[in-house]
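# Inside the fold
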Amino acid sequence: MKKIIVAIVLLFGMSMLNGQTKEELKALKKEKTDSIDVLKGKADAIQGEIDALPGWRLKATGTIGGSVSGFNNWYAKESPNSSVGNFGININAFADLIEDKYFWKNATNINIGWVKFDDKDDPTDSDNYEVATDVFNLSSLYGYKVAKNFAVSALMEYRSTLVNNFNDPGFLDLGVGGTWTPVSNLVIVIHPANYNFVFSHGDSEYDSTFGAKVVADYTRSFNGFNVKSNLSVFMSYEGSNYSNYTWTNSFSYTFWKSLGVGFDFGLRKNKQEALNYELKSDPGANFDSIDNELQSYWLLGLNITLD
């Protein structure tokens, strides 16, 4: 009986000791977590002061995605002997010069994707990777500050493809107006005087027109996340047939050093591009007979961030 009582007392004492130790560890963990939060808040405040200093800001992010697969005698498929692959890259980079009286913001976006479907039983098909996505955007914005958050500005923006049909078509916007920066991460450009030059070759039918340019650009990095969104709109004074817009977005999360996962997507509408695509199969097509479908692309994959 004494042995049983002693055992019960020991078990009770051990449970009390373990419970006390567990509570002490929880309290210690909370104390350390609070200290980390305080230090991180101080580090973020210092980084904010660094970001506010005059000078150059340079950054680049890139997303790489792809897959390959092969089939041999897989009779459930229409092509039982085949190889399939896709590969894509997306690069966002900017170089900004921020001074007390002026700024100069430069950015580029490149998105290229390749796909391959090789039917090994069909000697006539191609076993090469073909370009599926081809996007190239380059912009340069100069502004002279007349107020804390407002500047008179000039913008150059160029959009085309890079691998196939470079500058066919190519869209070059040159314009002047004003730029508003309500917060440090957001830039809104409003240029009522803008000329949209369109370059093309051969039988393509493109027209350059005068109009207004509106750009909204948002860039932010926090807690390992990187966000980049750019909306570029040209509104032609000669009508909506000559207007266009492009909206590109890049999201990434860095989980180890400069490596992470990224997701990019873009949307575009351009009736002149839609008409010229339709004219390849229907020479009698015109602006009234075509459907100006929404253009889009997306890419999910490994992301690399360089500061």
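Look above for the structure.
This text gives an overview of the structure that appears in the document. Computed from a prediction, not measured in an experiment: that's the story for all the values here. (Residues numbered from 1 in each chain as written. Predicted model: local features only at pLDDT ≥ 70, side-chain atom pairs only at ≥ 80, totals over all residues. Heavy atoms only, no water.)

## Focus: the nonpolar core
Defined as follows: Put simply, a nonpolar core is a bunch of buried Ala, Val, Leu, Ile, Met, Phe, Trp, Tyr and Cys residues held in one set by side-chain atoms that sit within 4.5 Å of each other. A simple rule labels every residue: compare its accessible area, found with a 1.4 Å probe on the protein chains alone, to the largest value its type can have, and call it buried under 20%, exposed over 50%, or partly exposed in between. Contacts: residue pairs with any heavy atoms within 4.5 Å of one another.
If you look at the biggest cluster of nonpolar residues, it comprises eight residues: Ile-98, Phe-103, Leu-141, Ala-151, Leu-155, Val-187, Val-189 and Val-215. If sequence neighbours within four positions are ignored, Leu-155 has contacts with Ser-140, Leu-141, Asp-173, Leu-174, Gly-175, His-191, Lys-213 and Val-215. Ranked by size, the runner-up nonpolar core spans seven residues in total, among them Tyr-242, Leu-275, Leu-279 and Ala-285.

## Digging into the sheet that holds strand 9 (residues 225–236)
What counts is decided by this rule: Any two strands between which DSSP finds at least two bridges are classified as paired. Note on conventions: DSSP H or I runs of at least 4 residues are helices, E runs of at least 2 residues are strands, and numbering of each starts at the N terminus. Between N-to-C directions, angles cover 0 to 180 degrees, with each direction set by a line fitted to C-alpha atoms, over the stretch in contact for helices.
Strand order around the closed barrel formed by twelve strands is 1-2-3-4-5-6-7-8-9-10-11-12, with antiparallel pairing between neighbours. Between one strand and the next, the sheet's axes are offset by a mean angle of 20°, whatever the strand orientation. Where strand 11 (residues 259–270) lies against strand 12 (residues 295–306), ten bridges are found, and the strand directions are antiparallel. Its bridge partner being in strand 12, Leu-259 is matched across the sheet by Ile-304. Relative to strand 11, helix 2 (residues 271–279) is tilted by about 75°, and along the sheet it contacts strand 6 (170–183), strand 7 (186–199), strand 11 and strand 12.

## Re unusual backbone geometry
With an omega of 5°, the peptide bond between Asp-168 and Pro-169 qualifies as cis. By secondary structure assignment, the location of Pro-169 is in the loop between strand 5 (150–160) and strand 6. Even without a glycine there, the phi angle at Asn-167 is positive, about 65°.

## Focus: the layout of surface pockets
Put simply, the rule is: Throughout, the protein atoms alone are placed on a 1 Å grid, and a set of points is a cavity if a 1.4 Å probe fits but cannot get out or a pocket if it is open with protein on both sides within 12 Å along at least five of seven lines; lining residues have an atom within 4 Å of a point. Grid points are joined across faces, edges and corners, and a volume is the space filled by probe spheres set on the points. Nonpolar residues are Ala, Val, Leu, Ile, Met, Phe, Trp, Tyr, Cys and Pro. Charged residues are Asp, Glu, Lys and Arg, and all others, Gly as well, are polar.
As a volume, the second largest pocket reaches approximately 1,100 Å³. Forming the boundary of the second largest pocket are 37 residues, of which Pro-169, Arg-268, Glu-273, Tyr-277 and Gln-295 lie nearest the centre. Secondary-structure elements contributing two or more residues to the lining of the second largest pocket are strand 4 (130–147), strand 5, strand 11, helix 2 and strand 12. Grouping the constituent residues of the lining of the second largest pocket by class yields twelve nonpolar, 14 polar and eleven charged.

## As for a negative patch on the surface
Going by this rule: Residues enter patches when they are more than 30% accessible in relative terms and free of salt bridges; like-charged ones are connected within 9 Å and nonpolar ones (Val, Leu, Ile, Met, Phe, Trp, Tyr) within 5 Å. All accessible-area figures derive from a Shrake-Rupley calculation using a 1.4 Å probe, and residue coverage is judged against the displayed protein chains alone. What counts as a salt bridge is simple: a side-chain nitrogen of Lys or Arg found within 4 Å of a carboxyl oxygen of Asp or Glu. The charge count treats Lys and Arg as positive and Asp and Glu as negative. His and the chain ends do not count. All charge positions are set by atom: Lys at NZ, Arg at CZ, Asp at CG, Glu at CD.
There is a patch of like negative charges on the surface, built from Glu-278, Asp-282, Asp-291 and Glu-293. Turning to its location among the elements, Glu-293 is positioned in the loop between helix 2 and strand 12.

## A word on the environment of Asn-230
The condition that has to hold: The term polar contact refers here to a pair of N or O atoms within 3.5 Å; inside protein, the definition further demands a hydrogen-donor-capable atom paired with an acceptor-capable atom, and it admits residues adjacent in sequence only when both atoms are side-chain atoms.
Relative to the assigned elements, Asn-230 resides in strand 9. With residues up to four places along the chain from it excluded, the contact list for Asn-230 reads Val-215, Ala-216, Asp-217, Thr-246, Trp-247 and Thr-248. In terms of polar contacts, Asn-230 uses its side chain to reach the side chain of Asp-217, at 2.8 Å.

## Details of the packing of aromatic side chains
The geometry of an aromatic ring pair comes down to the distance between the two centres and the angle between the two planes. The condition is simple: For Phe, Tyr and Trp, rings pair up if their centres lie within 6.5 Å, where Trp contributes its six-membered ring, and each pair is then called stacked (planes under 30 degrees apart), edge-to-face (over 60) or tilted (otherwise). Two limits define a charge over a ring: the Lys NZ or Arg CZ must be within 6 Å of the ring centre, and within 35 degrees of the ring normal.
One pass over the structure, following the stated rule, counts 17 aromatic pairs. Positioned above the aromatic ring of Phe-103, the side-chain terminus of Lys-105 is 5.9 Å from the ring centre. A cation sits over an aromatic face here: Arg-220 above Phe-222, 4.5 Å from the ring centre.

## Notes on the side chain of Asp-217
Along the chain, Asp-217 falls in strand 8 (residues 209–222). Excluding residues that lie within four positions of it along the chain, Asp-217 makes contacts with Asn-185, Leu-186, Val-187, Lys-228, Ser-229 and Asn-230.

## Observations concerning empty space enclosed by the protein
Using the criterion set out here, one finds two cavities of 30 Å³ or more in the structure. Each pocket or cavity is described by its volume, and for the largest cavity that value is around 200 Å³. Lining the largest cavity are 17 residues; nearest its centre among them are Asn-109, Asn-137, Ser-139, Asn-230 and Thr-248. Looking at the lining of the largest cavity, the elements with two or more residues in it are strand 2 (82–98), strand 3 (102–119), strand 4, strand 5, strand 9 and strand 10 (244–256). The greatest single-element share of the lining of the largest cavity, amounting to four residues, is contributed by strand 9. The residue inventory of the lining of the largest cavity, partitioned by class, reads three nonpolar, ten polar and four charged. Approximately 130 Å³ is the volume attributed to the second largest cavity.

## A few points about the side chain of Thr-305
As for its position among the elements, Thr-305 is in strand 12. The class of Thr-305 is buried, set by a relative accessible area of 9%. A polar contact is formed between the side chain of Thr-305 and the side chain of Asn-303, at a distance of 3.1 Å. Excluding anything up to four places from it in sequence, Thr-305 contacts Lys-59, Ala-60, Thr-61, Asn-226, Ser-252, Thr-254 and Ser-258.

## A look at the pairing of strand 12
Pairing geometry for strand 1 (residues 55–71) and strand 12, over five bridges, is antiparallel. Within the sheet, the bridge partner assigned to Gly-62 lies in strand 12 and is Ile-304.

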